[in-house]
Amino acid sequence: EAGVAQSPRYKIIEKRQSVAFWCNPISGHATLYWYQQILGQGPKLLIQFQNNGVVDDSQLPKDRFSAERLKGVDSTLKIQPAKLEDSAVYLCASSLAGIGEQFFGPGTRLTVL
Amino acid sequence: AQTVTQSQPEMSVQEAETVTLSCTYDTSESDYYLFWYKQPPSRQMILVIRQEAYKQQNATENRFSVNFQKAAKSFSLKISDSQLGDAAMYFCAYRSTNTGNQFYFGTGTSLTVIP
């Protein structure tokens with residue numbers, strides 16, 4: 001069974017630039033999560049999708065961050081414009097709806113200069 | 001909102017010895033899931049062990065076991081016969097069973113294994 005795929009693995013941009021991350025969850029997993037993990041901290045949930053609907057985006061900085069999951073499968077997370085404090089690893093995870101654990105992707109390490 | 005607290009930012013253990021990582025959580029729900037995840041340096045986060053709140057029996061997975069105290073809202077992880085490969089960040093996580101099934105993570109415990 002293929003795991004959660006993310007790309008790119010690494011990205012370096014300058015502040016005020018835009019960046020987008022892509023995630024493809026495990027086949028059949030209805031729930032998809034985007035987390036931000038700053039070095040030395042635990043993952044912070046940015047947004048949670050159930051199929052193509054948003055369940056929780058209360059911690060998503062909506063003035064600069066956006067995410068979509070149009071067909072209920074893969075998802076993109078965008079930052080526009082980026083700030084220095086956005087430097088972090090962005091983790092995507094998926095789970096079967098209603099049960100069980102999350103399966104994580106390898107993450108995208110973003111550095112904003 | 002639920003909160004998950006890991007009060008030990010760093011722990012160390014001698015190889016082959018046993019170590020216990022602490023986790024407490026705050027919730028008003030009666031049914032939920034608890035997890036321990038392991039994140040090795042620069043590597044993917046993987047599940048170590050899970051516990052359903054309705055089960056009284058503590059979960060075990062080979063050298064990993066938990067001490068689940070529902071009334072005390074405590075969920076500690078015991079690693080027996082520690083190995084060098086156990087060195088990692090360990091995160092405790094809580095999953096709600098209400099609408100949305102939100103996950104909440106603790107701040108992590110960095111485990112060092114001393115040869």
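Coordinates for the structure precede this section.
Residues numbered from 1 in each chain as written. Chains lettered and ligands numbered in written order. Predicted model: local features only at pLDDT ≥ 70, side-chain atom pairs only at ≥ 80, totals over all residues. Heavy atoms only, no water.

Draft legend 1. Molecular detail of the pattern of salt bridges. A complete count under the given rule lists seven salt bridges over all chains for this structure. Put simply, Asp86 of chain A and Arg64 of chain A hold a salt bridge, and the shortest N to O gap is 2.5 Å. Placement of Asp86 of chain A in the loop between strand 8 (75-79) and strand 9 (88-95) and of Arg64 of chain A in the loop between strand 6 (53-56) and strand 7 (65-68) is noted, with a sequence separation of 22 residues between them. A salt bridge links Asp86 of chain B to Arg63 of chain B; its shortest N-O distance comes to 2.8 Å. Within this pair, whereas Asp86 of chain B is found in the loop between strand 9 (74-79) and strand 10 (88-96), its partner Arg63 of chain B is found in the loop between strand 7 (60-61) and strand 8 (64-69), the two being separated by 23 residues in sequence. There is no split in this pair, since Asp86 of chain B and Arg63 of chain B are both buried. One salt-bridge network, in which partners are shared between bridges, spans Glu101 of chain A together with Arg50, Glu52 and Lys55 of chain B. (Salt bridge = Lys/Arg side-chain N within 4 Å of Asp/Glu carboxyl O. Helix = DSSP H or I, 4+ residues; strand = E, 2+ residues; numbered from the N terminus. Buried < 20%, exposed > 50% of the residue type's maximum accessible area, 1.4 Å probe, protein only.)

Draft legend 2. Structural context of the pairing of strand 7 of chain A. All names here are of chain A. Where strand 7 meets strand 8, four bridges bridge the pair, whose relative direction is antiparallel. Residue Ala67 lies in a different strand from strand 8, and its bridge partner there is Leu77. In this antiparallel pair of consecutive strands, strand 7 and strand 8, the connection spans six residues, and Gly72 shows a positive phi of 75°. (Pairing = 2+ DSSP bridges.)

Draft legend 3. Expanded view of the interface of chain B and chain A. If you look at the interface, chain B gives 17 residues, while chain A gives 21 residues. Glu101 of chain A is the partner of Arg50 of chain B in a salt bridge, and the nearest nitrogen-oxygen pair spans 3.2 Å. Going through the elements one at a time, strand 5 (32-39), strand 6 (46-52), strand 10 and strand 11 (103-105) of chain B are the ones with two or more residues in the side of chain B that touches chain A. The biggest single contributor to the side of chain B that touches chain A is strand 5 of chain B, with four residues. (Contact = heavy atoms within 4.5 Å.)

Draft legend 4. Summary view of the nonpolar core. Residue and element names in this part refer to chain B. If you look at the biggest cluster of nonpolar residues, it comprises 25 residues, and the most contacted ones within it are Tyr25, Trp36, Phe75, Leu77 and Tyr90. Taken together, the elements giving at least two residues each to this core come down to strand 3 (19-21), strand 5, strand 6, strand 8, strand 9, strand 10 and strand 12 (109-114). When residues of this core are assigned to their parent elements, the largest contribution, four residues, is made by strand 10. If sequence neighbours within four positions are ignored, Tyr25 has contacts with Thr3, Val4, Tyr32, Leu34, Phe68, Gln69, Lys70, Lys73, Ser74, Phe75 and Tyr94. (Core = buried A, V, L, I, M, F, W, Y, C linked by side-chain atoms within 4.5 Å.)

Draft legend 5. Quick peek at the environment of Met11 of chain B. Residues and elements named next belong to chain B. Position of Met11 among the secondary structure elements: in strand 2 (residues 10-14). Residue Met11 is classed as partly exposed on the basis of its relative accessible area, which comes to 23%. For Met11, the residues in contact, after removing those within four places along its chain, are Val19, Thr20, Leu21, Thr109, Ser110, Leu111 and Thr112.

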